[in-house]
Amino acid sequence: MISIIKSRWILWKKHWLANSLFLFLPVVATIITMTLFTNIQEDSKVPIAIVKKEDSPMADSLYEAAADLPYIRLFNLSEKEALIKLERHELDSVFVIDSGFAEKIKSGARNRLITGYSNHGSFAYTPIKEMLVSYVQTLTAQAKTYYTVDQMAGGKWTWEEVTEKISDIQTEQQLLETTFHLNSIAGNATNEERNRNLWEIWGYFMFISIFFLFDWQIKEKKTAILSRYAMMKYSYQQYVFFHTAVYTFMFVSICLLSAAMFHMLYEEKITFSLLWSMVMYTITLSLAASILSAVYRSVYVYYWTVLLISGVYLITSGVIIPTDGIVSAYPVISLVHPVYPLVQEKYFHPLVILFLGLFLVTQRKQKYF
Amino acid sequence: MMLIVEKLSKSYGKNMIFDNLSFNVHPGEIVGLVGENGAGKSTLLSILAMVQKADAGTITLNHQCYQTDKKELRRQIGFVPQDLAIWEQLSVKENMQFFAQLSWVKKDMAELKELCLQMQLEKWDEPVKSLSGGMKRKLNIAISLIHDPHLLLLDEPTAGIDLKSRTEIGRYLKQLASQGKMIIYTSHDMDELRSLCDRVLCIGKDPFYKNIFHESPIPFLAIPD
Ligand SMILES: Nc1ncnc2c1ncn2[C@@H]1O[C@H](COP(=O)(O)OP(=O)(O)OP(=O)(O)O)[C@@H](O)[C@H]1O
Ligand SMILES: [Mg+2]
C-alpha cells in the first residue's frame, strides 16, 4: 500500500495546485457560500434604531427583545443621529424609549412610553410597533402582578424578585411551546434550517470535488501504459482498486476536516451519526465516480457528463429550490439521491450497497489483457 | 532455462495472423523478429508478454506454463511496447520512480539512475515532454528493465531514432544477452539485425522476407508454413 501511495504522490504533485484546490473545495467553497448566504441575509434585514433616553434594566430588556427579532438589524443611536438617518432613508423606522420609562410602567401609566418615527418609505414600522407595544404590555402586566403580590404579602418581596419569578415561569412555558413547535413542524425552526443548508451545500461541493478528481482514472488509462501492468506487481485492476481506496481515504479525511471546521465556525454539533453519514456519503460518491470514470476514454466527455449530473443533482437536492413537495410526492428521489441520507443523518445509505456491488462487478469484468 | 513456443495460433476474427508457430529461444540469445507491416510481430510479442492471449498452442518459460503459472511468469518478462508507454508529464526520474513503485523488485534511486546511465540516458531530471525521440525510446526500455526480467521482448525499440542512440541501444542489448537474458526484438533495419541477432524469426505471408533471409548469413529460427 505504501508503494501505491508513493506512486500516487508522484502523479499528484505534478498538478498539486489544481488537485489541492479541488480536494479542499468542499471546505473552502462551503464556507464561502455560507458567508455570502449570511451576508445576503444580513443585508436584507430591515434597519431599525432604538434610542434609549433612559438607562434602566427595563429599557434594556425592551431593547434586547427587539434585537432578538429575526428579520431586523438593530442600531442603538442618539435621537438626533437616528432621525437624520431616518430622513435619509438609511433607517426604516426609529423608536425612542422616553426617560421615566421604568417609573411610568411601575406606576401603571401606559401613555407616551415610547415614541415612534416613520416616514413614507417605512414598511416595518407597524409590525415592530405592535411588537414593542405588546412587550410593554407584558411589562405593565408584571407591574400589576407585583402590586397585587405586594399588597397580599405585605411588602416582603421586592420588584425584582417578583418579575424574576414571573419571567422564569414564562421562559418555561416558552420552552414547552418551542419543543412542541419543533415536533409538529419539523425542520422549520431557524436553527434547523441553517444546519440543513450547510450540509446540502457541503454535499454538493463534495460531489464536484470527488467526481472531478476521479478523472485520474481516465488520464491513466493510456493503452500503451496499460500493457505494462501485465508484467508489474499490480495488475491494472488492482491498480485501480487500490488507487480508488487511496482517493476514498483522502476524501474521508476531508470529511473529518470539514466536520471540525464547521464545528468551529458554525458550532455544528458533531455526532457519530453525522460523521457516519458524511463518510457513507463520501464512499458512495467515490465508488460512483470510480465506476463512471472507468467507462470514459475522453476526459472532456467525462467532465461534461459530470457537469450534467451535477446540474440534476443540484436541482433535486433542495439547495436551490425547496424539494419537500416533490420528495413527498416521489419518495424514490430521497432513495436515489445521495444527499438525502446525508442531511437526514441516516445510518443506512441504500446507494452505497448498489455502487459497491457495481464497483466489484465492473472490476472483475474489466479485462484489459 | 528456455522459452519454448509450440503450435501457437492467433487470429482476429477471420483474419488469421499465424498458425502452428513453433520455436525456442535460449538464454543469451538475441532473436530478431521480422516480417512485413501487419505480419503479426506486435501480436506475437504481446502474446509472449501475456498482454494478449493466443487461440491455441502452448508457451513455457523456464518450465513454467503460460496458462497456469501466470503469476510467477509476470516477474520474469520485460516488455517494451511499440508505442511509448511513459508519462509525458513526468521527468525521467519520476517515470522511473513511478514504475519502480509498482514493480516486483525494489530499486533505490541510485540503481534506477544507473540503469538509465547504462543506456546513455543522462537527462535524469528533464521532463519527458522535452526529450528527443531517441531519449524517450531509451526510457521506454529502461522502465521495462526495472524488475530484471529474464525474457526481454522489444517491439521496434530502435524505430525512428538516430544512429548513435541506435548503436547505444544495440550495445546495451548485447550486454544484457551476455548476462544470460533471452531477447526477442523486432526491427525493419537489415544492418541492425545482422549485427545484433543470433537468429531471425520470420513471420508473415509475404515471401519477400523469407527470400532475403534465406540468402543472409543469419540463421533462420523458424518458418511458418
Ligand atoms: N486488436 C486487433 N483486432 C483486430 N485486428 C488486429 C488487432 N491488432 C492487430 N490486428 C491486425 O493484425 C495484424 C497484425 O498486426 P500487428 O500489429 O501484430 O502487425 P505488425 O507485424 O506488428 O506490424 P507493424 O510492422 O506495422 O508494426 C494486422 O493486420 C492488424 O490489422
Ligand atoms: Mg508492430
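For chain A, the name recorded in an unreviewed UniProt entry is ABC-2 type transporter transmembrane domain-containing protein, with Compostibacillus humi as its organism. Per UniProt, chain A has the following entry under Subcellular location (unreviewed entry): "Membrane".

K.L.:
Give a description of the overall build of chain B that names residues and reports values.
P.N.:
Within chain B, the secondary structure is distributed over eight helices and ten strands. Since a compact globule built from 225 residues should have a radius of gyration of about 17 Å, the 17 Å found for chain B is in line with a globular shape. Across its three principal directions, the C-alpha atoms of chain B cover 50 × 40 × 35 Å. Among the 225 residues that make up chain B, the fraction classed as buried is 56%.

K.L.:
Tell me about the sheet that holds strand S2 (residues 72-75) of chain A, residues and numbers included.
P.N.:
Strand-to-strand pairing in sheets goes through backbone hydrogen bonds, with the strands running parallel or antiparallel. Residues and elements named next belong to chain A. Pairing in this open sheet of four strands is mixed, and the strands run S2-S1-S3-S4 from one edge to the other. A strand with exactly one partner marks an edge of an open sheet, and here the two such strands are S2 and strand S4 (114-118). When the angles between neighbouring strand axes are averaged without regard to direction, this sheet yields 20°. In the sheet, strand S3 (residues 93-97) pairs with S4 via five bridges, with the strands oriented antiparallel. Bridge pairing in S4 places isoleucine 97 opposite isoleucine 114.

K.L.:
If you had to explain unusual backbone geometry to someone new, which residues and values would you point to?
P.N.:
As a rule of thumb, non-glycine residues mostly have phi less than zero, and peptide bonds are mostly trans rather than cis. Residues and elements named next belong to chain B. A positive phi angle, close to 65°, is found at histidine 63, a residue other than glycine. Along the chain, the position of histidine 63 falls in the loop between strand S4 (56-61) and strand S5 (64-65). If you check the backbone angles, glutamine 120 has positive phi at about 60° while not being a glycine. Mapped onto the secondary structure, glutamine 120 falls in the loop between helix H4 (109-118) and helix H5 (133-144). A relative accessible area of 27% places glutamine 120 in the partly exposed class.

K.L.:
Can you explain the site of ligand 1? Please cite residues and give values.
P.N.:
Residues and elements named next belong to chain B. Neighbouring ligand 1 are 14 residues; Asn37, Gly38, Lys41, Ser42 and Thr43 lie closest to it. The separation between an oxygen atom of ligand 1 and a polar side-chain atom of lysine 41 is 2.7 Å. Between ligand 1 and serine 42 there is a distance of 2.7 Å, counted from an oxygen atom to a side-chain nitrogen or oxygen. Here ligand 1 has 630 Å² of accessible area as a free molecule, and 59% of this is covered by the chains. Of all the elements in the fold, those that place two or more residues in the shell around ligand 1 are strand S2 (15-25) and helix H1 (41-48). No other element matches H1, which puts three residues into the shell around ligand 1. Broken down by class, the residue content of the shell around ligand 1 amounts to three nonpolar, eight polar and three charged.

What counts, and at which threshold
- Residues numbered from 1 in each chain as written.
- Chains lettered and ligands numbered in written order.
- Predicted model: local features only at pLDDT ≥ 70, side-chain atom pairs only at ≥ 80, totals over all residues.
- Heavy atoms only, no water.
- UniProt positions renumbered as here; feature names shortened; annotations may be inferred.
- Helix = DSSP H or I, 4+ residues; strand = E, 2+ residues; numbered from the N terminus.
- Rg over C-alpha atoms; globule rule 2.2 N^0.38 Å.
- Buried < 20%, exposed > 50% of the residue type's maximum accessible area, 1.4 Å probe, protein only.
- Pairing = 2+ DSSP bridges.
- Axes fitted to C-alpha atoms, helices over the stretch in contact; angles between N-to-C directions.
- Near = heavy atom within 4 Å.
- Polar contact = N/O pair within 3.5 Å; in protein donor to acceptor, adjacent residues only side chain to side chain.
- Areas by Shrake-Rupley, 256 points an atom, 1.4 Å probe, with all protein chains shown as cover.
- Nonpolar A, V, L, I, M, F, W, Y, C, P; charged D, E, K, R; others polar.

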